[in-house]
Amino acid sequence: MKNNKKQRLKYLCFFIVFAYNKTMHIREKLGIDVTLPGKAPERGHLHPVTLMMRDIARIFGHMGFTIAEGPEIESEHYNFDALNIPKDHPARDMWDTFWLKDKLGLERLLLRTHTSPVQIRYMEDCEPPIRIIAPGKVYRYEATDATHETQFYQFEGLMIGKDVSMANLKGMLLSFFEQLFERPMQIRFRPSYFPFTEPSVEIDIGWTDEKGKVVKWIEVMGAGQVHPKVLEAGGIDASKWQGFAFGGGVDRFVVLKYGIPDVRQLYTGDLRLIKQFGTV
Amino acid sequence: MMISYKWLREYFDKKLPTPEKLAHALTFHAFEIESIERKMGDAVIDVKILPNRAHDCLSHDGVAGEISAILGLPLKKVLVPQFPRASKNVPRISVSVKEKKLCERYIAIVLDGVKVAPSPKWLKERLEVLGQRSVNNVVDATNYVMFMTGQPLHAFDYAKLSGGIIVRRARDGEQITTLDKKDLVLKGEHLVIADKEGVLGIAGIKGGVRAEVDGATKTIVIESANFDASSVRMTSMRLGIKTDASKRFESGLTSYLPEEAMKKVVALIVDIAGGEKIQIGEPIDIFPNKPKAKLVTISLSEINRILGTALSDKQVREVWKKLEFVFTTKKSNATIVYRIIPPVKRLDLIIKEDLAEEVGRMVGYDVLVPIMPSEQVISPVVNAHWALADILREVMLGCGYSDVYTYAFNNKGEIEVANPIASDKRFLRNNLTGGLKVALAENLKYENEVRIFELGHIFGKDGGVIKEEHSFAGIFGFQKRKEAQMKEDFYVMKGVLTRVFEALGICDIDYREAGGELIASIYAKDVPIGTMTINGFELNFGKMVELAEHHIRYVAPSRFPSMIRDISLFIPSSVNAGVVSGIINAHAGELLRSLMLFDVFEQPDKKSLAFRMVLQSNERTLSDEEANAVYNKVVDALRATNAKWEVRA
């Protein structure tokens, strides 16, 4: 009996030593240094503008917004007239425009100065209720500097329903900013003017400290309740439906989130910038 | 609009808060503030007046009115001076308005015995602090009253006029030399102020030198008029002249303003350029169609529905009172309806939403509580472009390619910009490859090997019609590369595209030989979708999205064993492997489950290919004979194709 136990123990020890030796053996045999770096095929990197547009689309997607798109070459109608910016109106000066030599019939063509034409195009095609987010490239005829480019990315939001108010605009955007910057924030509205919204506001976001006090306010967007003329231009009965629209610069959020000092660096294809961003 | 703090103080009996506090109040209830500059013992506040309020707030009167409403500070009661008694000895002037639609009102008045001289010190200072140059007391008085009321005014030298004043359209080719000595040729679309002899000034924009007030001027005619906003804007844009006057007229001033401004300027000129001999003529006022006050209606529930607030009747009434709106209220369906007659100067209040904005900004938007909409959430619709672009980016990243954005402007292309930002940026890009090549060269200054891709819009023409396409292009390069490796690099890139097509669900891909700089044209289901060069590709992403299929139809694997037959052959280097595999596919019959090229060996004049055929039936276990029969049939077909092909059987 005693002997038997001894025997068993002996076998067990032998087995453990054997198993141990076996693994030692392979690593040693192959001379593997587990502290050497691993090898994987090199992955490419995503552009920060792509990352930001993805974040925007994802967050609004969770809030029920569909991604909508439109062309970059637009007609005067969609870029201006349908948005309540008539010809010979000083409001046109708010957008410095690249015009094309070509025309569409009699209508002048241009490079869209904002993503707002997507609002009209979508309203023409779809019945309310509407929730869309439209990221895309826009163009401005202006001198370039660290904060201005002739081409950049914007995102437009539009929400139309029976009872969609400015307080809802504030609620939606606050939620968006908190998700985007992954921290508690504050938001405030200031009176402004855009021909396609009434009332119109500028939106500032506030970075808060631990106590919830705002350290710094930053102007980030324009927004407001969709002007009845714009709803009508999109074929929607303004006496039955109302809602808000907002628009902001994707590049501006890239600059804010990642601290890139010069927006012009975003469009040179410089991998020294891009490779600092994610590979997924 | 530059606003003098010192000047603002004169509007109020009570002490004004500091310029910073005023700026804060304006920022959250009316206008953005660009800057506050302290100079000459004053503070100049640059208030950004947007087009909706340019008609009443490009003036100290307007901004003072806003401050009064926001802060609840009453404005000093100031009586508008009345016209002094008219003298019969003053020379008369006639006014004829030919274009009543473009000139709603025209007031002219003659002042005789004016002493043109430098302005008094206070006036010079007041203009200087606003960044304005002092000219003489008469011209300065008209400018000063414009910065006060927002109404542009003009003074002519009466002695230089030939007959009465005519407001008419210019004749094509008519000329004028403006006050700043520019010679302009006018057109019939331009509205002008003229006399018998010709044009005196461009209506609402700029005066001419002919009737300029100078040191010798004794008698002046002052114009205070209302010109059509669109007409002034159009003329100002076409002629490329923007003035303080045109900026105000193009925003649509009220035709009630010219009278008040005229009374103020006459009183001022009498005061500072009068002397004892000054005499004033009878004012001529051509104002045939007086615009009627507009009524705008909104209910309390509508205000709260638009803003998302729970404001009370009392709070709303408070706003109307602050803004000096004349209003009546009516109870209707458990709400209160406000019928409002806005002040004549507030031309921007037309629809109920305009009134909701007045409430919102006066109460302050901080009153809005951020709340999520109560509306039912609808599931978003998947945007195929975006979904596939995400997949595509994932594949490209996995293959070592980075995502870049390049410029849309180029020095060549098919679509030309009418107002390019630079001469080498006159066109819109008609491919992405051009921009990628530049970016590749730049990046190779810092890296040994570079792989980049871009997704973006390109612009071209198809039969004269503009076409905008969504394009997808990639490029790779090395600082140093032996030519022998280039071929292998090309196949690696082709492999990347294979992965892309697989991931997007694009089938029936066909690579056809192409010439020049191109290596191959790519087809999917016989539709051309792009091209490849030795180190890059460009594909029509829009077409790829159309061709992408995501329906998976499961096919059960055969329960019977498969058999393998390998075929190897030598073919001349000039023959493509695709030709060989095509023949095998065509002759192997329905038992061929898959065909794989598993070995390629190239010699200078010929290449060896080895294919593996997997043969299988869904109904039975194949016999050796059946497999051999397929094999023999294929070998015969290959031999029959070309006698030079050496099939090693």
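Residues numbered from 1 in each chain as written. Chains lettered and ligands numbered in written order. Predicted model: local features only at pLDDT ≥ 70, side-chain atom pairs only at ≥ 80, totals over all residues. Heavy atoms only, no water.

Visitor: Just checking my understanding: could you explain the side chain of R126(B) for this structure?
Guide: Residues and elements named next belong to chain B. Examined against the element boundaries, R126 turns out to sit in helix α5 (residues 121-129). R126 sits in the buried class, given a relative accessible area of 11%. Polar contacts involving the side chain of R126 include one to the side chain of E10, which spans 2.9 Å. Non-local contacts of R126, meaning those with residues more than four positions away in its chain, are made with K6, W7, E10 and Y144. (Helix = DSSP H or I, 4+ residues; strand = E, 2+ residues; numbered from the N terminus. Buried < 20%, exposed > 50% of the residue type's maximum accessible area, 1.4 Å probe, protein only. Polar contact = N/O pair within 3.5 Å; in protein donor to acceptor, adjacent residues only side chain to side chain. Contact = heavy atoms within 4.5 Å.)

Visitor: Sorry if this is basic, but what is going on with unusual backbone geometry here?
Guide: Leave glycine aside and you will find that most residues have negative phi; peptide bonds, for their part, are mostly trans. The step from P128(A) to P129(A) runs through a cis peptide bond, and the omega angle for that step is 0 degrees. Counting through the fold element by element, P129(A) comes out in the loop between α4 (117-125) and β5 (130-139). The residue M40(B) is not glycine, and still its phi comes out positive at about 50 degrees. Tracing the backbone shows M40(B) in the loop between β2 (32-39) and β3 (42-48). Within the chain, N333(B) stands out as a residue other than glycine whose phi angle is a positive 45 degrees. Residue position: N333(B) is located in the loop between β17 (326-332) and β18 (335-341).

Visitor: How should I be thinking about the packing of aromatic side chains in this particular structure?
Guide: Each aromatic ring pair is characterised by the separation of its centres together with the angle its planes make. All names here are of chain A. Enumeration according to the criterion identifies 35 aromatic pairs over all chains in this entry. Between F181 and F253, the ring centres sit 6.2 Å apart and the planes meet at 40 degrees, which makes this aromatic pair tilted. Of this pair, F181 sits in helix α5 (residues 166-181) while F253 sits in helix α7 (residues 250-258), placing them 72 residues apart in sequence. Of the two residues, F181 and F253, both sit in the buried class. (Phe/Tyr/Trp six-rings, centres within 6.5 Å; stacked < 30°, edge-to-face > 60°.)

Visitor: When you look at the domain arrangement of chain A in this model, what are you seeing that I'm missing?
Guide: By a widespread convention, an interface's size corresponds to the accessible area lost as its parts come together. Taken domain by domain, chain A consists of domain 1 (1-33) and domain 2 (48-274). One C-alpha centre belongs to domain 1 of chain A, the other to domain 2 of chain A, and the line joining them spans 69 Å. (Domains from an automatic or database assignment.)

Visitor: In this structure, what is going on with the pattern of salt bridges? I would like to understand it.
Guide: Two side chains that carry opposite charge are able to pair once their charged atoms sit near each other. All names here are of chain B. Using the criterion set out here, one finds 70 salt bridges over all chains in the structure. Note that E469 and K467 form a salt bridge whose closest N and O atoms lie 4.0 Å from each other. Classification of E469 by relative accessible area gives partly exposed; the value is 25%. The closest approach of N and O atoms between K487 and E602, which form a salt bridge, is 3.0 Å. Remark: E602 occurs in strand β30 (residues 592-602) and K487 occurs in helix α15 (residues 483-504); sequence separation between them is 115 residues. Each of R53, D56, E66, R346, D348, E358 and R361 takes part in salt bridges that share partners, so that together they form one network. (Salt bridge = Lys/Arg side-chain N within 4 Å of Asp/Glu carboxyl O.)

Visitor: Is there a simple way to think about the side chain of E223(B) in this case?
Guide: Secondary-structure assignment places E223(B) in strand β13 (residues 219-227). As a buried residue without a salt bridge, E223(B) has its nearest oppositely charged side chain in R210(B), at a separation of 12 Å. (Lys, Arg positive; Asp, Glu negative; His and termini not counted.)

Visitor: Sorry if this is basic, but what is going on with the environment of F246(A) here?
Guide: All names here are of chain A. Secondary-structure assignment places F246 in strand β10 (residues 242-249). Note on F246: relative accessible area 1%, which makes it buried. Taking the C-alpha atoms as reference points, F246 and G222, 24 residues apart in sequence, are found 5.8 Å from one another. The contacts of F246, once residues within four sequence positions are left out, are F60, I133, F155, E156, G157, L169, L173, M221, G222 and A223.

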